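# Observations on chain architecture
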Amino acid sequence: MLERYKTVRLAGSKEIVIKKSRFIGHIMPVETEEAAVAFIEEMKKKHWNATHNCSAYMIGERDEIQKQSDDGEPSGTAGKPILEVIRNQKLKNVAIVVTRYFGGIMLGAGGLIRAYTDGAVAAIEAGEPITRVLHREVRVELDYTWLGKVENELRSRNTRMGETLFADKVTLICLPEDQETDAFIAWMVDLTQGQSVITEGERFYFIEGE
């Protein structure tokens, strides 16, 4: 799993007008190629009367799946520029469709490339770019006498926290960044003088800064 990656928060659309042609950029976060294809087909059905619905998507930890379509525009003037925007902005797991309603003025190859590039950028803005950061669940079980001190230290460290479980002993569910797990555990062992029971759990992605 990647320690962090950039994607978009949600599905979104944004329209721009270039020489009377309407370009509507649509974006969707996707985890699979099937989801990307389904999104593209959905946009094509929604905008069935558009002149073109050009698209691109990039999926996978190492961008293993990359596809693009000019949908009738001159080769290389639509799908490729959309894919290049995804690549240049270092986004992962997104699909973009740029819908064009022709306005009567020819743009030429260079104009089309710029227009579809701008349409893709507009789509990304609508989808709200975010960075997902991998965290690890670390459960810390300790006596109640340690609770106040440990909670204060965790607050000072700005550690992301889950719930706190109260039983015979108290269990704090801590969520440090995955790459910091070993250092965090070593710090906790030192802080509690070895009097805590520490268990590593699952990994989760959280949005950076939230």
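Residues numbered from 1 in each chain as written. Predicted model: local features only at pLDDT ≥ 70, side-chain atom pairs only at ≥ 80, totals over all residues. Heavy atoms only, no water.

## Thoughts on the pattern of salt bridges
Operational definition: What makes a salt bridge here is a side-chain nitrogen of Lys or Arg within 4 Å of a carboxyl oxygen of Asp or Glu, nothing more. Each helix is a run of H or I in the DSSP string that is no shorter than four residues. Each strand is a run of E no shorter than two, and both are numbered from the N terminus. Burial classes follow relative accessibility: with a 1.4 Å probe on protein chains only, a residue under 20% of its type's maximum area counts as buried, one over 50% as exposed, and anything between as partly exposed.
Applying the stated criterion across every chain yields a total of 16 salt bridges. With its nearest N and O atoms 2.7 Å apart, the salt bridge here joins Lys14 to Glu125. Taken as a pair, Lys14 in strand 2 (residues 12-18) and Glu125 in helix 3 (residues 108-127) lie far apart in primary sequence, 111 residues in all. Exposure remark for Lys14: the relative accessible area of 37% places this residue in the partly exposed category. Assessed through its relative accessible area of 47%, Glu125 is described here as partly exposed. A salt bridge links Arg136 to Asp178, with the shortest nitrogen-to-oxygen separation between them at 3.5 Å. On the criterion of sequence distance, the pair formed by Arg136 in strand 7 (residues 129-142) and Asp178 in the loop between strand 9 (170-174) and helix 5 (181-191) is long-range, its members being 42 residues apart. There is no split in this pair, since Arg136 and Asp178 are both buried. Residues joined by salt bridges that share partners form a network here, namely Arg136, Asp178, Glu200 and Arg203.

## Digging into the nonpolar core
How we decide: Only buried residues count toward a nonpolar core. Its members are Ala, Val, Leu, Ile, Met, Phe, Trp, Tyr and Cys residues joined through side-chain atoms within 4.5 Å. Residue contacts follow a heavy-atom distance rule, with two residues in contact if any of their heavy atoms lie within 4.5 Å.
Core analysis: the largest hydrophobic core is formed by 22 residues, its most contacted members being Ile27, Ile82, Ile86, Ile96 and Tyr116. Listed by contribution, the elements that provide at least two residues to this core are strand 3 (21-29), strand 4 (52-59), helix 2 (79-88), strand 6 (94-101) and helix 3. Per-element accounting of this core gives the leading share, 6 residues, to helix 3. For Ile27, the residues in contact, after removing those within four places along its chain, are Val8, Leu10, Ala11, Gly12, Phe39, Val94, Ala95, Ile96, Ala123, Ile124 and Gly127. Counting residues in hydrophobic clusters, the runner-up holds 14 residues, among them Leu142, Val170, Leu172 and Met188.

## Quick word on the environment of Val8
Here Val8 shows up in strand 1 (residues 4-8). Residue contacts for Val8: discarding those within four places in its chain leaves Ile27, Pro29, Val94, Ile124, Gly127, Glu128, Pro129 and Ile130.

## What about the sheet that holds strand 4?
Applicable threshold: At least two bridges found by DSSP between two strands are what make those strands a pair. Axis definition: a line fit to C-alpha positions, over the contact stretch in the case of helices; interaxial angles, taken between N-to-C directions, run 0 to 180 degrees.
Strand order in the open sheet formed by 5 strands is 2-3-6-4-5, with antiparallel pairing between adjacent strands. Looking at which strands have only one partner, the edges of the open sheet turn out to be strand 2 and strand 5 (65-69). The average angle at which neighbouring strand axes cross in this sheet is 15°, direction not considered. With 8 bridges connecting them, strand 3 and strand 6 associate as antiparallel partners. Paired with Arg22 across the strands is Tyr101, a residue of strand 6. Sheet strands touched by helix 2: strand 4, strand 5 and strand 6. Its angle to strand 4, the strand with the most contacts, is close to 35°. Sheet contacts for helix 3: strand 2, strand 3, strand 4 and strand 6; angle to strand 2, the most-contacted strand, approximately 150°.

So, to be careful, I would describe these as geometric facts and stop short of saying anything about function.
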